[in-house]
Amino acid sequence: MAEEVLLAEDGKCVGSLTKSLLAVAFLASFGSSMLYGYNLAVVNSPAEYIKAFYNQTMVARNGTGLDDKTLTLFYSVTVSVFAIGGMVGSLMVGILVTRFGRKGTLVRITCLVFIGGAFMGFSRTFGSPEMIIVGRFITGVHSGISLSVVPMYLGEIAPKNLRGFLGLVPSIFICLGVFIAQILGLHELLGKEEHWPLFLSLVVIPTMFQLMLLPWFPESPRYLLIEKRNVHATITALKWYRSKVNIQAEIEEMQEEQRSMSSVQTVSVFGLLKDRSVRWQVITIVVVNIGMQLSGIDAIWFYTNAIFENAGIPVPQIQYTTVGTGAIEVIAGCVGCFTIERLGRRPLMIGGFTFMGICCAGITLSLMFQSHYISVACVVGIIAGFCIGPAGVPFLITAELFKQSHRPAAYTVAGCLNWLSNFTIGFVFPFLQMSAGAYCYLVFFGVCTAVAAYVFFIVPETKNKTFVEISQMFAARNGMLEEESSELGVFNSLKLAKMNGYGAVDLEYEVIENKK
């Protein structure tokens, strides 16, 4: 068997990409993250068919149809209720991952997809538009939870030198979900009127595979050791994910993180916000997660068809052009995933937001001078710039900037702000466009530039750093002395001995006294 140990620059052993790590990353992303992308795009193709169904149902119930304004309102609710569900789900993340664990949460919330898929799939059978709206809300709750839990889970099971790569795998599957929805939405496939209930309910298929296979994989070793104090389960999980690697050093690193925490109890959102030892970490996740949505990417996705039509692309061909942009998203996501461990987090964030800002300014100029082909190029540039870095890195660094006790609350805050910003931009942008015209994209230029500048001046590089090392990097900025930031509580620390190439438990305990 190939050697599974790599030597880092500092001389410490780091893990390599094992089949188990790759399998769980693909499985968790396929059954959860991909559904988020799919649900974002799935309602675009059958929009007119869904509106016709709403109108026909109201005629059957009341004898009269809906006027255009009411019909548009019904459809807008159908689209936006997904984001509302996502916001509700994000508020549940901290409670769920603390009680059920990371993997346990992903397994349990699969029931939401089956329920939501059933509501949408049988909505036409029962003649109920309300079932579509309820189904979209339930699948939104699932996405709100999984969008935070998947990167949290992968970030905790990955060795530090692969945390960036595995952390961006979900973003590739999000782009892949959008791409699949665009392909299946073509008129030659499921883009016909009789197929739209099936089209909406296909989300149950990836989830079914996840439910069958994910329970066989271990829980996060960090969760098992630091929160559950289950040493034997931790050893078993690490052996599974690290193959022949000696896991002693990694156990000791987890214990160092455990000793550096003031408490092993999970911190609440309120406790996170008032904890001055993580003040700049909190500010960072607020800035990058709000900036991720207010960068204008959602507005670009929403108005892509109109921009392509203005560029002179024939209307029947626009659906194929849109599929092309979906392919660009997947390619850009793969580029980010495979370069993050070489380039680092900062270059992908700074470069991605800067390039998006330039393209937003380019759209304004192209609209002013009626250069439609430049508009198309800028749209493609914004999508590519977003998917290379800003699409996935904010979720990754949310895991990296916080220790075990603060991580669930951090994901709750980040997820809630992400979904709230998503909903806000969808609601405000049409009015912004009406009032500012072509200049509305300069707002997104300003947001992208500001976020890029913040990352450049404030956020340190976290590549190949342990969670404790990252916390210490922020200690000075938070006004905390190193001794204070790593103040030790009274914990039992396990000594590990080598046995047959693995870390084995030596049931000898030592008490770590408080530093005075």
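Here the structure is a predicted model, which is why all the values come from computation and not from measurement.

**Observations concerning the environment of alanine 41**
Mapped onto the fold, alanine 41 is located in helix α1 (residues 19-41). Classification of alanine 41 as buried rests on a relative accessible area of 9%. Sequence separation between alanine 41 and glutamine 182 is 141 residues, and the spatial gap between their C-alpha atoms is 6.8 Å.

**Considering the packing of helix α2 (residues 47-62) against helix α7 (residues 129-157)**
Packing of α2 against α7 brings their axes to within 9 Å, and their N-to-C directions diverge by 135 degrees. One finds that α2 runs oblique with respect to α7. Taken together, the residues of α7 that come into contact with α2 (itself represented by Ile50, Phe53, Tyr54, Thr57, Met58 and Arg61) are Pro129, Glu130, Ile132 and Ile133. Of the residues belonging to the contact of α2 with α7, the class tally is seven nonpolar, one polar and two charged.

**So, the side chain of glutamine 404**
By secondary structure assignment, the location of glutamine 404 is in the loop between α20 (393-400) and α21 (407-436). Its relative accessible area of 1% is what places glutamine 404 among the buried residues. A polar contact of 3.4 Å, which involves the side chain of glutamine 404, links it to the side chain of glutamate 156.

**Regarding the packing of α1 against helix α12 (residues 231-242)**
Helix-helix packing: each pair is described by the crossing angle between the helix axes and the interaxial distance. Where α1 contacts α12, the two axes come as close as 6 Å, and the packing angle between them is 95 degrees. As summarised for this structure, α1 and α12 are arranged roughly perpendicular, according to the angle between their axes. Across the interface between the two elements, Ser20, Leu21 and Val24 from α1 touch Trp240, Tyr241 and Arg242 from α12. Considering only residue class, the contact of α1 with α12 consists of four nonpolar, one polar and one charged.

**Let's talk about helix α10 (residues 204-213)**
Residue pairs spaced three or four apart in an α-helix point in one direction, given the helix's 3.6 residues per turn. Residues of α10 that are buried include every one of Pro206, Thr207 and Gln210, and no others. In an axial view of α10, the angular spread of the buried residues amounts to 95 degrees, which keeps them on one side of the axis. For α10, the secondary structure elements touched by its buried residues are α1, α5 (102-108) and α6 (110-121).

**Remarks on a nonpolar patch on the surface**
Together, Ile84, Val88, Met92, Phe423, Phe427, Val428, Phe431 and Met434 make up a nonpolar patch on the protein surface, roughly 730 Å² of accessible area in all. Taken together, the elements giving at least two residues each to the nonpolar patch come down to α3 (68-91) and α21. It is α21 that contributes the most residues to the nonpolar patch, five residues altogether. Inspection of the secondary structure assignment puts methionine 92 in the loop between α3 and α4 (93-100).

**Considerations on the side chain of threonine 234**
Assignment of secondary structure puts threonine 234 in helix α12. Setting aside its immediate chain neighbours within four residues, threonine 234 contacts Pro221, Leu224, Leu225, Ile251 and Met254.

**A word on the packing of aromatic side chains**
Centre distance and the angle of the planes are the two values used to describe a pair of aromatic rings. Enumeration over the complete set of coordinates arrives at 13 aromatic pairs. Between phenylalanine 30 and phenylalanine 209, the ring centres sit 6.4 Å apart and the planes meet at 65 degrees, which makes this aromatic pair edge-to-face. Residue phenylalanine 30 is found in helix α1, and its partner phenylalanine 209 is found in helix α10; the two are separated by 179 residues along the sequence. On the basis of an interplanar angle of 85 degrees and a centroid distance of 6.0 Å, the ring pair of tyrosine 38 and phenylalanine 199 is categorised as edge-to-face. Of this pair, tyrosine 38 sits in helix α1 while phenylalanine 199 sits in helix α9 (residues 196-201), placing them 161 residues apart in sequence.

**Topic: the confidence of the model for the protein**
When pLDDT is low, close inspection of the predicted coordinates is not appropriate. Summarising the model, the protein shows a mean pLDDT of 82, and 86% of its residues fall at 70 or more. Taken as a whole, residues 1-13 scores under 50 in pLDDT and shows 25 contacts with residues more than four places along the chain or in a different chain. Counted against residues more than four places away or in other chains, residues 482-516, with its pLDDT under 50, gives 77 contacts.

How each quantity is defined
- Residues numbered from 1 in each chain as written.
- Predicted model: local features only at pLDDT ≥ 70, side-chain atom pairs only at ≥ 80, totals over all residues.
- Heavy atoms only, no water.
- Helix = DSSP H or I, 4+ residues; strand = E, 2+ residues; numbered from the N terminus.
- Buried < 20%, exposed > 50% of the residue type's maximum accessible area, 1.4 Å probe, protein only.
- Axes fitted to C-alpha atoms, helices over the stretch in contact; angles between N-to-C directions.
- Parallel < 35°, antiparallel > 145°, perpendicular 65-115°, else oblique.
- Contact = heavy atoms within 4.5 Å.
- Nonpolar A, V, L, I, M, F, W, Y, C, P; charged D, E, K, R; others polar.
- Polar contact = N/O pair within 3.5 Å; in protein donor to acceptor, adjacent residues only side chain to side chain.
- Arc of directions from axis to C-beta.
- Patch = residues over 30% accessible without salt bridge, like charges linked within 9 Å, V, L, I, M, F, W, Y side chains within 5 Å.
- Areas by Shrake-Rupley, 256 points an atom, 1.4 Å probe, with all protein chains shown as cover.
- Salt bridge = Lys/Arg side-chain N within 4 Å of Asp/Glu carboxyl O.
- Phe/Tyr/Trp six-rings, centres within 6.5 Å; stacked < 30°, edge-to-face > 60°.
- pLDDT = per-residue confidence, 0-100.

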